[in-house]
Amino acid sequence: DDIIIEANNGDTALLIFKEVRPDLIILDGALPNNQAINSAARIRGLTQSMHDAGEPPIIIVAPLHDEEQKELALDAGVNEYLARPILNGELRQVGLSLTQKNRVKRFEGLKALIVEDNEATVHLLERVLSSEGIICTHANNGLDAVKILEKEGEALDLLLTDYLMPGMDGLE
């Protein structure tokens, strides 16, 4: 479920960031004294010092389009600088695009063996699993799976098998 957390100023935003590690940060460009840009720079400094591969995208929503402010924001590590009024769906589209690009794959590097005789099912499972960073190997039946398991068994983290297959089924 999505949770929205609000901060009244840049310092509070930084404290919240340290505790919550959000997927997306939206800063108000109308905050006084360039607080939004300064907060973005401080957040980027934190993620770089922590060698954080999953640094969240930062969007500044400004009251007016100001090319100089936009340049400062982008230099501070902001991903998007939007000026009001925001067109219908623009913020949502930018947010979806950025979170998809910067999404951390939760199971990066795990290895799975898919034992399935239906190519369409194999393709679907491989697409879903690989989108989460899982490396997939495929066997068409139970006998082929046993050979793979004998060779790579310790290196596998996950086994997905069809229940009914010719030769040797998933239960055997």
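Preceding block: the structure.
Here goes a summary of the coordinates provided. If you're wondering where the values come from, they're calculated on a predicted model, not measured in any experiment. (Residues numbered from 1 in each chain as written. Predicted model: local features only at pLDDT ≥ 70, side-chain atom pairs only at ≥ 80, totals over all residues. Heavy atoms only, no water.)

By definition, the strands of a sheet pair up through backbone hydrogen bonds, in either a parallel or an antiparallel sense. Taken together, the three strands give an open sheet; going across it, the order is 1-2-3, and neighbouring strands pair in parallel fashion. Lying at the two open borders of the sheet, with one neighbouring strand each, are strand 1 (25-28) and strand 3 (80-83). In this sheet, neighbouring strand axes are inclined to one another by 25° on average, regardless of whether the strands run parallel or antiparallel. Bridge analysis of strand 1 against strand 2 (residues 58-62) gives four bridges, and the strand direction is parallel. Looking at strand 2, one finds that Ile26 is bridged to Ile59. (Pairing = 2+ DSSP bridges. Helix = DSSP H or I, 4+ residues; strand = E, 2+ residues; numbered from the N terminus. Axes fitted to C-alpha atoms, helices over the stretch in contact; angles between N-to-C directions.)

Here we come to the nonpolar core. One finds Ile25, Leu27, Ile43, Ile58, Ile60, Ala73 and Val78 to be the most contacted residues of the largest nonpolar core, which totals 15 residues. When contributions to this core are tallied by element, the ones reaching two or more residues are helix 1 (10-20), strand 1, helix 2 (35-49) and strand 2. Among the elements that make up this core, the one with the highest residue count is helix 2 (four residues). Setting aside residues up to four positions removed in sequence, Ile58 forms contacts with Ile25, Leu27, Ala40, Ile43, Arg44, Val78, Asn79 and Glu80. Grouped together as the second largest cluster of nonpolar side chains are six residues, Val115, Ala139, Ala145 and Leu156 included. (Core = buried A, V, L, I, M, F, W, Y, C linked by side-chain atoms within 4.5 Å. Buried < 20%, exposed > 50% of the residue type's maximum accessible area, 1.4 Å probe, protein only. Contact = heavy atoms within 4.5 Å.)

This part covers helix 1. Among the residues making up helix 1, those that are buried are Gly10, Ala13, Leu14 and Phe17. For helix 1, the arc enclosing every buried residue in end-on projection is 100°, short of the 170-degree limit, so these residues lie on one face. Set apart from the buried face of helix 1 by more than 90 degrees, the exposed residues are Asp11, Leu15 and Glu19. For helix 1, the side-chain oxygen to backbone nitrogen distance between the N-cap and Asp11 is 3.1 Å, and the N-cap itself is Asn9. Downstream of helix 1 by a residue or two, Arg21 has a phi angle that is positive, lying close to 55°. (Arc of directions from axis to C-beta. Polar contact = N/O pair within 3.5 Å; in protein donor to acceptor, adjacent residues only side chain to side chain.)

Below, the discussion takes up a nonpolar patch on the surface. Together, Ile3, Ile5 and Val20 make up a nonpolar patch on the protein surface, roughly 300 Å² of accessible area in all. Residue placement: Ile5 occurs in the segment before helix 1. (Patch = residues over 30% accessible without salt bridge, like charges linked within 9 Å, V, L, I, M, F, W, Y side chains within 5 Å. Areas by Shrake-Rupley, 256 points an atom, 1.4 Å probe, with all protein chains shown as cover. Salt bridge = Lys/Arg side-chain N within 4 Å of Asp/Glu carboxyl O.)

Bear in mind that shape data such as this cannot, by itself, settle questions of function.
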